[in-house]
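Chains, contacts and geometry: an overview
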Amino acid sequence: MSFTLFGTLFINGLSMGVIYAMMAMGLILLIRAVGILNFAQGELFMFGAYISAALVLDFHLPLPIMIPAAMVCFAVVGLVFMFTIYWPLRKASYAATTIIATMGAAIVLRELAVLIWGPLPRSMPPLVVDEGRPAILHLGDVPLQWQNVLIIVIGVLLMYLIYLLFEKLYVGKMMQAACQNSYAANLLGVPTILTIAATYVIVSILVSVGGYLVAPIFMVRNTLGVLQLRAFAGVVIGGFGNIKGAIIGSLIVGLIEVFSTLHFSAYRDVTVFLTLILFLLLRPQGLFGEKIKDKA
């Protein structure tokens, strides 16, 4: 394998791994904050791509206006999702009720996207264009699409900021503690509904930005949500409940997926999930596995 081909595949795999890591990080944040495994994460990702396409293609907003408008829309989607799916069922006697509700929400979001924007895929322009074509960055002899480079830069920056918020800053730890023990939070005067809402908003923005970034590569379609399966694989490989593990596991998934196209292009999904099965057999706790404590 030539260095040029290796470099191109490596960056492509890394960019897809970052996309999966953004979804995986959102999954872990919801698990740690509210104890819910969200099976509609991929559909929130897909909805982010559709909303971005609507703002760019239908409303023709310039980038400086489109970005804050998109963030507001992403936040609203997160709040609507929380108040329609999680909040009414949070005290259900059957523990899996909310998880099952997210499965139903995934179907509803897919059909809603078709109802609003139609069944045909939409083509999104890349963030950097050169004479009407995706711009190419040349690092020596290695040609890289600017879109993939920006995915890595923007995705890593967002995940780092959210990691700092939840792992290093007092307000992030307070948010997690309040969500996990609402009774104690209320005694201390911390409004639980606001902390949970903030978590959903952050997760929705994170995954929706991922949908926006990947839209120029895969086009905007209601099947984009299937990419969450790779995010689930990354979570399991990295270690369920561990943010660092979810990110590293997702990067591994992205690299395996891209490099497998060299010899098994028709079976790249098979390669990814065979790797997942091997981890489940040989190291079920994942690379950085830790026990997830029950929600208080």
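Please refer to the structure placed before this passage.
Now for a quick tour of the structure. Here the structure is a predicted model, which means the values were calculated and not measured. (Residues numbered from 1 in each chain as written. Predicted model: local features only at pLDDT ≥ 70, side-chain atom pairs only at ≥ 80, totals over all residues. Heavy atoms only, no water.)

**Section: the packing of helix α3 (residues 63-86) against helix α4 (residues 97-117)**
- For the pair α3 and α4, the least separation of the axes is 10 Å and the interaxial angle reads 130 degrees. The orientation of α3 relative to α4 falls into the category oblique. Considering only the axes of α3 and α4, their crossing is right-handed. When α3 is examined against α4, the residues Phe81, Ile85 and Tyr86 are found in contact with a partner set consisting of Thr98, Ala101, Thr102, Ala105 and Leu109. (Axes fitted to C-alpha atoms, helices over the stretch in contact; angles between N-to-C directions. Helix = DSSP H or I, 4+ residues; strand = E, 2+ residues; numbered from the N terminus. Parallel < 35°, antiparallel > 145°, perpendicular 65-115°, else oblique. Left-handed = near helix turned anticlockwise from the far one by under 90°. Contact = heavy atoms within 4.5 Å.)

**Here we look at the packing of aromatic side chains**
- Counted by the stated rule, this structure contains 9 aromatic pairs.
- Relative to Tyr200, the ring of Phe81 has its centre 6.3 Å away and its plane inclined at 40 degrees; by these criteria the two rings are tilted. Taken together, the residues Phe81 in helix α3 and Tyr200 in helix α8 (residues 192-218) connect sequence positions 119 residues apart.
- In this structure Phe81 comes out as buried when scored by relative accessible area, which is 6%. (Phe/Tyr/Trp six-rings, centres within 6.5 Å; stacked < 30°, edge-to-face > 60°. Buried < 20%, exposed > 50% of the residue type's maximum accessible area, 1.4 Å probe, protein only.)

**Here we look at unusual backbone geometry**
- The residue His60 is not glycine, and still its phi comes out positive at about 55 degrees.
- For His60, a relative accessible area of 61% corresponds to the exposed category.
- If you check the backbone angles, Glu131 has positive phi at about 55 degrees while not being a glycine.
- With respect to the helices and strands, the residue Glu131 is situated in the loop between β1 (129-130) and β2 (133-134).

**Concerning helix α2 (residues 41-58)**
- For α2, with 18 residues, the first-to-last C-alpha span of 25 Å sits near the 26 Å given by 1.5 Å per residue.
- Count one or two residues on from α2 and you reach His60, which has phi positive near 55 degrees. (Expected span 1.5 Å × (residues − 1).)

**Focus on the environment of Leu158**
- Relative to the helices and strands, Leu158 is located in helix α5 (residues 146-168).
- Not counting residues within four places of it along the chain, the set of residues in contact with Leu158 comprises Met22, Leu206 and Val209.

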